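# Reading the structure
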Amino acid sequence: MTQRDKNTGSRERILAAAAAMFAEDVGARLSVRAVAARAGVSTGSLRFHFPTQLALQEAVLARIYGHLFPDDPIHDRSLPARDRLVNCLRQVLAPAGVGKQAREAWTKAYQTYIASDPTEEVRAAYLALEREGGRRIKHWLTVLADEGVAPKEDHARRVRFLLTVLDGLSIERALPAEDSILRSETETLYTAVDCVLRGT
């Protein structure tokens, strides 16, 4: 086995260990020692691959998102741009579920991030989640801008708007509803996407 193979193997073990810890507790502190111990590597090896906790968190979140959403519908040019972007946003909402599953997810999020003053580790974990979500939306908007179907200017305002819409829709999934969640959610997503693609 070459040194490169060993480095790749230890990096993968680190990411797997950190992802498992994160799955067990989204507010978990991914400390260098705890992750290294779980991965069976030295702290020096972990620092070689991930010099900071932020680098580790972001790599783990990118891995989790990649696993949850392996097929990126933004590249499916058989569909109009607005349909592709709506499909991408639906992927983000899907893991939250609806009804009881959504209530359980929001209860856990509330307990982790809102119920008490967040520690620095909890705050960092939440901000890393938010950054990764924003990064994915920015990627989708950049793809569409490169195709000439979305504005080319800085996407920060549009990313924030779409993240806010997704937050609202995920909360709505947990609340009692008179009408079909799917129908009202679809209308909201298309309204948001139309605003973003028009550049308003």
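Cut-offs used in this document
Residues numbered from 1 in each chain as written. Predicted model: local features only at pLDDT ≥ 70, side-chain atom pairs only at ≥ 80, totals over all residues. Heavy atoms only, no water. Helix = DSSP H or I, 4+ residues; strand = E, 2+ residues; numbered from the N terminus. Buried < 20%, exposed > 50% of the residue type's maximum accessible area, 1.4 Å probe, protein only. Contact = heavy atoms within 4.5 Å. Areas by Shrake-Rupley, 256 points an atom, 1.4 Å probe, with all protein chains shown as cover. pLDDT = per-residue confidence, 0-100. Axes fitted to C-alpha atoms, helices over the stretch in contact; angles between N-to-C directions. Parallel < 35°, antiparallel > 145°, perpendicular 65-115°, else oblique. Nonpolar A, V, L, I, M, F, W, Y, C, P; charged D, E, K, R; others polar. Salt bridge = Lys/Arg side-chain N within 4 Å of Asp/Glu carboxyl O. Polar contact = N/O pair within 3.5 Å; in protein donor to acceptor, adjacent residues only side chain to side chain. Expected span 1.5 Å × (residues − 1). Core = buried A, V, L, I, M, F, W, Y, C linked by side-chain atoms within 4.5 Å. Left-handed = near helix turned anticlockwise from the far one by under 90°.

### Let's talk about the overall build of the protein
When helices and strands are tallied, the protein shows 9 helices and 0 strands. When the helices and strands of the protein are read in sequence order from the N terminus, they spell out α-α-α-α-α-α-α-α-α. Considering the protein as a whole, with its 200 residues, one finds that 40% of them fall into the buried category. Once local pairs closer than 6 in sequence are excluded, the contacts in the protein between residues at least 24 apart make up 66%. Surface accessibility of the protein: about 11,300 Å² in total, with carbon and sulfur atoms responsible for 55%.

### Re the confidence of the model for the protein
In this model, the protein carries a mean pLDDT of 84, and residues with pLDDT of at least 70 account for 88%. The element-level mean pLDDT for the protein is lowest in helix 4 (residues 53–68), coming to 72, with helix 8 (residues 156–174) highest at 94.

### Points about the packing of helix 8 against helix 9 (residues 181–198)
Packed helix pairs are specified by the crossing angle of their axes together with the interaxial distance, meaning the distance between the axes. Viewed as axis vectors pointing N to C, helix 8 and helix 9 meet at an angle of 175°, and their least axial separation amounts to 11 Å. Comparing the axis directions of helix 8 and helix 9 gives the class roughly antiparallel. Of the residues in helix 9, those touching helix 8 at Arg158, Phe161, Leu162, Val165, Leu166, Leu169, Glu172 and Arg173 are Ile181, Ser184, Glu185, Thr188, Leu189, Ala192, Cys195 and Val196. Grouping the constituent residues of the contact of helix 8 with helix 9 by class yields 10 nonpolar, 2 polar and 4 charged.

### A short note on the pattern of salt bridges
Within this structure, the stated rule accounts for 10 salt bridges. Residues Glu120 and Arg123 are paired through a salt bridge, measuring 4.0 Å at the closest nitrogen-oxygen approach. In this pair, Glu120 and Arg123 both sit in helix 7 (residues 120–146), 3 residues apart, roughly one turn of the helix. Among the residues examined, Glu120 registers a relative accessible area of 55% and is labelled exposed. Given the relative accessible area of 46%, Arg123 is considered partly exposed.

### Here we look at the side chain of Arg158
Locating Arg158 in the fold gives a position in helix 8. Assessed through its relative accessible area of 3%, Arg158 is described here as buried. Within the structure, the side chain of Arg158 is placed 3.4 Å from the backbone oxygen of Val196, a separation counted as a polar contact.

### Here's the deal with helix 5 (residues 81–93)
The first and last C-alpha atoms of helix 5 sit 19 Å apart over 13 residues, in line with the 18 Å expected at 1.5 Å per residue. The secondary structure elements touched by the buried residues of helix 5 are helix 7, helix 8 and helix 9.

### Let's talk about the nonpolar core
As a rule of thumb, nonpolar side chains are buried together in soluble globular proteins. Membership of the largest hydrophobic core comes to 26 residues, with the highest contact counts inside it found for Leu85, Leu89 and Ile137. Listing elements by their share of this core, those giving two or more residues are helix 5, helix 7, helix 8 and helix 9. Residues within four places of Ile137 in sequence aside, it is in contact with Leu89, Val159, Leu162, Leu163 and Leu166. Of all hydrophobic cores here, the second largest spans 17 residues; its members include Ala19, Val32, Val41 and Leu46.

### Examining the packing of helix 5 against helix 9
The N-to-C vectors of helix 5 and helix 9 enclose an angle of 125°; their axes lie 9 Å apart at closest approach. As summarised for this structure, helix 5 and helix 9 are arranged oblique, according to the angle between their axes. Taken as a pair, helix 5 and helix 9 cross one another with a handedness that is right-handed. Where helix 5 abuts helix 9, its residues Ala81, Arg82, Asp83, Leu85, Val86, Leu89, Arg90 and Leu93 lie against Glu185, Thr186, Leu189, Tyr190, Val193, Asp194 and Leu197. A breakdown of the residues in the contact of helix 5 with helix 9 according to their chemical character gives 9 nonpolar, 1 polar and 5 charged.

### What to know about helix 9
With 18 residues, helix 9 ought to run about 26 Å at 1.5 Å a step, and its terminal C-alpha atoms sit 26 Å apart, in line with that. In the core, the buried residues of helix 9 are packed alongside helix 5, helix 7 and helix 8.

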